[in-house]
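What follows is each chain in one-letter form.
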Amino acid sequence: MTRRGRLRLFLLAALVLAAGYAVACLDLPPFGGDRHPYGDRAVHAALARRTANAVASVNFDQRAMDTLGEETILFAAVLGAVVLLRRTAGEARTEPEPARVSAGVRRLGLALLPVALLVGLYVVAHGNVTPGGGFQGGVVVATALHLLYVAADYRALERIRPVSRYELGDAAGEFAYTMTGVCTALAGPAFLANVLPLGTFRALASAGTVVLLNAAVGMEVACGVVVLLATFLDQAVEIADAPGGPRSADGAPEEEPT
Amino acid sequence: MSVLPYLVAGWIFLVGLYGLVTSRDLIHAVGCLAVTQSSTYVLLLAVGYRRGGTAPVFADAPAGARVVDPVVQALTLTDIVVGATVTALLLALVVQLRKRHGTVDPDRLSELRG
């Protein structure tokens, strides 16, 4: 199909979709209205389980099973990216060059690294009380480590980031979440039921299993994002076509970067 | 106008689709897919909004405070995580496509290779 024909077909379909969608919108409950039956019940359940962050209560308590699925999607995607971007035969690994970084960037980056790391861990740990949680905090932790790439160079980043350990951490996070579920099933009524003592409302130790599940997700997300970024950075920095074209199969053994 | 936020979500969806259909670069197409998906964030948050409501986090607010719907916010979080993982996987596929076929233009990728 030509580009023009494809565009025409799209515009026709978009017109039909837009008209149908607009009519459907007119029948939705009005924006900002007062009727939120699910929201009201979720807030009620969150308060009953002494979870100040109602969103965390929905994610890690009321819908904890769905979050297991979501976490598994993340795990599978990281695995998929690692498999897709592994070094193929005919590609050589080049040692990254030391890079020159201006003194100001270096100082600022090194000063911010521990702060960013701490903020990430804070966001993970307080997920049951304040906005945040394992997903958000995990990403902050993972990106904080990459400040070293900005402040120093790729070789410095590789020293604090042995990828195989983070792969293990990724799997351990997934495992911890599942095992928490198995333990609650053995101890109480159901898989991923909130059976732990609920603690004091608004305290760091509150909301029962939400704290554990948050920590497991935080670990998995932090490690997963580190591994994901490592595979992409490897493609950009280290992996180069071998002399003689990308299709020359030499099958050199994989070298561990030092 | 009380349906405007819903219509904005629909508009973002269609703009993303337009980008996908007319894309000449797979990296651009992956970006367009992310735009298309972000329309669902707008729609979910619009559905859950309550006029005058605050965030559904009771760290500071009193327990009886008027809050927006936490269920759709949790769904949006799930949505963002899944979107990010899909984007990562698609970008990995694009990297490999570029290596094997030497192009990222979808119109030039129609040939079969055994």
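This is a predicted model, so every value here is computed, not measured.

**Student:** Before we go on, may I ask you to explain the overall build of chain B in this structure?
**Tutor:** When its secondary structure is counted, chain B shows 3 helices and 0 strands. Expected size for 114 residues packed as a compact globule is a radius of gyration near 13 Å; at 19 Å, chain B overshoots this value by more than 25%. Based on the C-alpha atoms only, the size of chain B along its principal axes is roughly 65 × 30 × 15 Å. Within chain B, buried positions represent 27% of all 114 residues. In chain B, the proportion of contacts linking residues at least 24 apart, taken out of those at least 6 apart, comes to 51%.

**Student:** Would you mind going over unusual backbone geometry with me for this structure?
**Tutor:** Note: most peptide bonds trans; most residues except glycine with negative phi. Residues and elements named next belong to chain A. At Arg50, a residue that is not glycine, the phi angle is positive and equals roughly 55°. Looking at the element boundaries, Arg50 is found in the loop between helix H2 (37-48) and helix H3 (54-62). The exposure class assigned to Arg50 is buried, which follows from the 20 C-beta atoms found within 10 Å.

**Student:** Please clarify how the environment of A:Phe191 should be interpreted in this entry.
**Tutor:** Residues and elements named next belong to chain A. Relative to the helices and strands, Phe191 is located in the loop between helix H9 (163-187) and helix H10 (209-238). When the 16 C-beta atoms within 10 Å are taken as the criterion, Phe191 is described as partly exposed. Between the alpha carbons of Phe191 and Ala156 there is a distance of 43 Å; along the sequence they are 35 residues apart. If we ignore the near neighbours within four places in the chain, the residues touching Phe191 are Met65, Gly181, Thr184 and Ala185.

**Student:** Mind showing me how you'd approach the interface of chain B and chain A here?
**Tutor:** Size of an interface: often given as the accessible area lost when the parts come together. Each partner contributes to the interface: chain B provides 40 residues, whereas chain A provides 43 residues. Among the secondary structure elements, those contributing two or more residues to the side of chain B that touches chain A are helix H1 (4-22), helix H2 (26-48) and helix H3 (70-101) of chain B. At 16 residues, H3(B) tops the list of elements feeding residues into the side of chain B that touches chain A. Residues of the side of chain B that touches chain A, tallied by class, amount to 28 nonpolar, 8 polar and 4 charged.

**Student:** How do you make sense of H9(A) when you look at a structure like this?
**Tutor:** Relative to the 36 Å expected for 25 residues at 1.5 Å per residue, H9(A) spans 36 Å between its end C-alpha atoms, a close match to the ideal helical length. Of the surrounding elements, those touching the buried residues of H9(A) are helix H4 (64-84) and H10 of chain A.

**Student:** Got a minute to help me understand the confidence of the model for chain A in this structure?
**Tutor:** Caution is warranted with low-pLDDT regions, since their predicted coordinates should not be read in detail. Residue and element names in this part refer to chain A. Residues with a pLDDT of 70 or more make up 92% of chain A, whose mean pLDDT is 83. Averaged over each element, pLDDT in chain A is lowest for strand S2 (residues 239-241) (67) and highest for helix H1 (residues 3-26) (91). Within the model, the stretch residues 243-258 combines pLDDT values under 50 with 16 contacts to residues more than four positions away or in other chains.

**Student:** Honestly, the packing of H9(A) against H10(A) in this entry has me stumped. Any pointers?
**Tutor:** All names here are of chain A. Contact geometry of H9 with H10 gives a least axis separation of 8 Å together with a crossing angle of 155°. Between H9 and H10, the interaxial angle falls into the category roughly antiparallel. Between H9 and H10 lies a crossing of left-handed hand. Where H9 abuts H10, its residues Val163, Tyr166, Glu167, Gly169, Asp170, Ala172, Gly173, Glu174, Ala176, Tyr177, Thr180 and Thr184 lie against Thr209, Leu212, Leu213, Ala216, Val217, Met219, Glu220, Cys223, Gly224, Val226, Val227 and Ala230. For the contact of H9 with H10, the class distribution of residues is 14 nonpolar, 6 polar and 4 charged.

**Student:** Where do I start with the environment of B:Asp105 in this structure?
**Tutor:** All names here are of chain B. Within the secondary structure, Asp105 sits in the segment after H3. Note on Asp105: 11 C-beta atoms within 10 Å, which makes it exposed. A C-alpha to C-alpha distance of 9.8 Å links Asp105 and Ala29, two positions 76 residues apart in sequence. Apart from residues no more than four positions distant in its own chain, Asp105 is found in contact with Arg24 and Asp25.

What counts and what doesn't
Residues numbered from 1 in each chain as written. Chains lettered and ligands numbered in written order. Predicted model: local features only at pLDDT ≥ 70, side-chain atom pairs only at ≥ 80, totals over all residues. Helix = DSSP H or I, 4+ residues; strand = E, 2+ residues; numbered from the N terminus. Rg over C-alpha atoms; globule rule 2.2 N^0.38 Å. Buried ≥ 20, exposed ≤ 12 C-beta atoms within 10 Å, placed from the backbone. Contact = placed C-beta atoms within 7 Å. Nonpolar A, V, L, I, M, F, W, Y, C, P; charged D, E, K, R; others polar. Expected span 1.5 Å × (residues − 1). pLDDT = per-residue confidence, 0-100. Axes fitted to C-alpha atoms, helices over the stretch in contact; angles between N-to-C directions. Parallel < 35°, antiparallel > 145°, perpendicular 65-115°, else oblique. Left-handed = near helix turned anticlockwise from the far one by under 90°.

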